[in-house]
Amino acid sequence: NADAALYQAKAMGRGNYQFYSEEMNARTLDRLTLESGLRHAVERGELQLKYQPQIDLASGDIIGAEALLRWHPAGQHLIMPDAFISIAEETGLIVPIGEWVLRTACAQQVAWRRAGLPNLRVAVNLSARQFRQPGLDAMVARVLADTGCPPGRLELEITESVLMERPDSAAQTLQRLSDMGVQLAIDDFGTGYSSLSYLKRFPINALKIDRSFVRDIAMHSADNDDGAIAAAVIALAHSMGLTVVAEGVETARQRDFLRALHCDQAQGFYFSEPMPAPALEHLFIKGEASK
Ligand code: C2E
Ligand code: MG
Ligand code: MG
Ligand code: MG
């Protein structure tokens, strides 16, 4: 705690006291600056989406993309979501920001289709606060209608913890979204405490295996347990009729291992980093040309 740290620093001498208190001030200031900046980020046009291609492992084709949020305040460096999503959550700013993300991603889905790309799927992350926001389903319906994005081409990603907290109301919300034809995926699967059988009660379509399990794959020799968790998750998810997406694929070995286990889809730096929409369009066209 801050008081204890200060007390300790004081005891160590004046120089240390200065050091500690300045660092703490910088941290509080940072948060306040982020918070007030974030308040105006949407209207100032400082938010951007990058898109990370999602690959069908059997064919190697790009079948969709996950929209990933970036914040670029004027005259500053690009800020990654881990640095501001939790502040947006706590302040409730995630609600308008999340609607901007959804609208932008759905409009991009339609733009790609008009540009001659096939009907790519676009995946959008929903935070806990957004998921519990009353009227979420109405908001999603409105955005789909406004943009013309087919509901089946939108996938919403939520984490296990969101389902665990209030399972009954979560199931109702998911059912309403599912009835609209929207696809639903569990993100970062394996990092929470839910079991696959627990997930049976929710109308979900896909599981995204967290990248920590993908990282375990084929790290050492071929004859040990590496990738055992990924293998088990893929088999069980398939037995439940779920599509499996592997996150964080960084090497050809990981891809080969996942493909051998019939993992359906994958994303990761091995295929592509998150990129601006025009770059994804380029990558897609290049892929088609090399066939
Ligand atoms: P996530 O949804 O699990 O997204 C995957 C993250 O892994 C992304 O980080 C992506 O850039 C990164 N990644 C992709 N491939 C690889 C790889 O091969 N290796 C490694 N090490 N990392 C890889 P990013 O873009 O920094 O996003 C971090 C998290 O922030 C996301 O995790 C998601 O939880 C959250 N987030 C991003 N955009 C949004 C948004 O629009 N709304 C909400 N609520 N959350 C968002
Ligand atoms: Mg995600
Ligand atoms: Mg994830
Ligand atoms: Mg994550």
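Structure shown above.
Residues numbered from 1 in each chain as written. Chains lettered and ligands numbered in written order. Predicted model: local features only at pLDDT ≥ 70, side-chain atom pairs only at ≥ 80, totals over all residues. Heavy atoms only, no water.

Further remarks concern the environment of G268. Note that G268 resides in the loop between β8 (265-266) and α12 (277-289). Here G268 falls in the buried class, since its relative accessible area comes to 3%. Measuring from C-alpha to C-alpha, the distance between G268 and E247 comes to 6.0 Å, with 21 residues separating the pair along the chain. Contacts of G268, omitting those with residues within four sequence positions, involve Q52, G248 and V249. (Helix = DSSP H or I, 4+ residues; strand = E, 2+ residues; numbered from the N terminus. Buried < 20%, exposed > 50% of the residue type's maximum accessible area, 1.4 Å probe, protein only. Contact = heavy atoms within 4.5 Å.)

It is worth spelling out the layout of surface pockets at this point. By volume, the largest pocket is sized at about 1,100 Å³. Lining of the largest pocket is provided by 37 residues; of these, E66, L68, P81, D82 and N125 occupy positions nearest its centre. Element by element, the count of residues in the lining of the largest pocket is highest for strand β2 (residues 62-71), at 5 residues. Its residues placed into classes, the lining of the largest pocket shows 15 nonpolar, 10 polar and 12 charged. In this structure, the second largest pocket spans a volume of roughly 360 Å³. Around the second largest pocket, the lining comprises 17 residues; the ones closest to its centre are I55, G60, D61, I62 and F271. (1 Å grid on protein atoms, 1.4 Å probe; cavity = no way out; pocket = protein on both sides within 12 Å on 5 of 7 lines; lining within 4 Å. Points joined across faces, edges and corners; volume = space filled by probe spheres on them. Nonpolar A, V, L, I, M, F, W, Y, C, P; charged D, E, K, R; others polar.)

A few words now on the coordination of the magnesium ion (ligand 2). Coordination of the magnesium ion (ligand 2) by the protein involves E66 (OE), N125 (OD1), E157 (OE) and D187 (OD), with metal-donor separations of 2.0 to 2.3 Å. Along the chain, the residues donating to the magnesium ion (ligand 2) are arranged with the sequence spacing E-x58-N-x31-E-x29-D. The metal-metal distance between the magnesium ion (ligand 2) and the magnesium ion (ligand 3) is 3.9 Å, with D187 coordinating both. One end of the pair, E66, is in strand β2; the other, E157, is in strand β4 (residues 154-159), and 91 residues separate them in sequence. The class for E66 is buried, based on a relative accessible area of 4%. (Donors = N, O, S within 2.8 Å, 3.2 Å for Na, K, Ca; no water.)

Around ligand 1 sit 24 residues, and of these R70, N125, R211, E250 and F269 come closest. In the model, a nitrogen atom of ligand 1 is placed 3.1 Å from a nitrogen or oxygen of the L69 main chain. Within the side chain of R70, one N or O atom sits 2.9 Å away from an oxygen atom of ligand 1. Contact with the protein chains covers 85% of the free accessible surface of ligand 1, which is 810 Å². When each cavity is represented as a set of grid points, ligand 1 is found to reside in the largest pocket. Counting only elements with at least two residues in the shell around ligand 1, the list comes to β2 and β5 (183-189). Tallying contributions element by element places β2 first for the shell around ligand 1, with 4 residues. (Near = heavy atom within 4 Å. Polar contact = N/O pair within 3.5 Å; in protein donor to acceptor, adjacent residues only side chain to side chain. Areas by Shrake-Rupley, 256 points an atom, 1.4 Å probe, with all protein chains shown as cover. Sits in = over half its atoms within 2 Å of the grid points.)

Here we take up helix α6 (residues 136-147). End to end, α6 covers 17 Å across 12 residues, agreeing with the expected 16 Å (1.5 Å per residue, within 8%). Those residues of α6 not exposed but buried are L136, D137, M139, V140, V143, L144 and T147. Along the axis of α6, the buried positions cluster into a sector of 160°, meaning they face one direction only. Turned more than 90 degrees away from the buried face of α6, the exposed residues are A145 and D146. Remark: G148 follows α6 within two positions and exhibits a positive phi of approximately 85°. (Expected span 1.5 Å × (residues − 1). Arc of directions from axis to C-beta.)

What follows concerns the side chain of K208. Among the secondary structure elements, K208 is positioned in strand β6 (residues 206-209). Judged by relative accessible area, which is 0%, K208 ranks as buried. A polar atom in the side chain of K208 sits 2.8 Å from the side chain of Q267. Not counting chain neighbours up to four residues away, the residues in contact with K208 comprise Q54, E66, E157, I186, D187, D188, F189, V245, E247 and Q267.

A word on the pattern of salt bridges. A full pass over the atoms with the stated rule returns 17 salt bridges. For E165, the salt bridge goes to R132, with nearest N and O atoms at 3.1 Å. With E165 in helix α7 (residues 160-165) and R132 in helix α5 (residues 128-132), this pair connects stretches of sequence that are 33 residues apart. Exposure remark for R132: the relative accessible area of 33% places this residue in the partly exposed category. Linking D256 and R255 is a salt bridge whose minimum nitrogen-to-oxygen distance equals 2.8 Å. The exposure class of D256 is partly exposed, given its relative accessible area of 35%. (Salt bridge = Lys/Arg side-chain N within 4 Å of Asp/Glu carboxyl O.)

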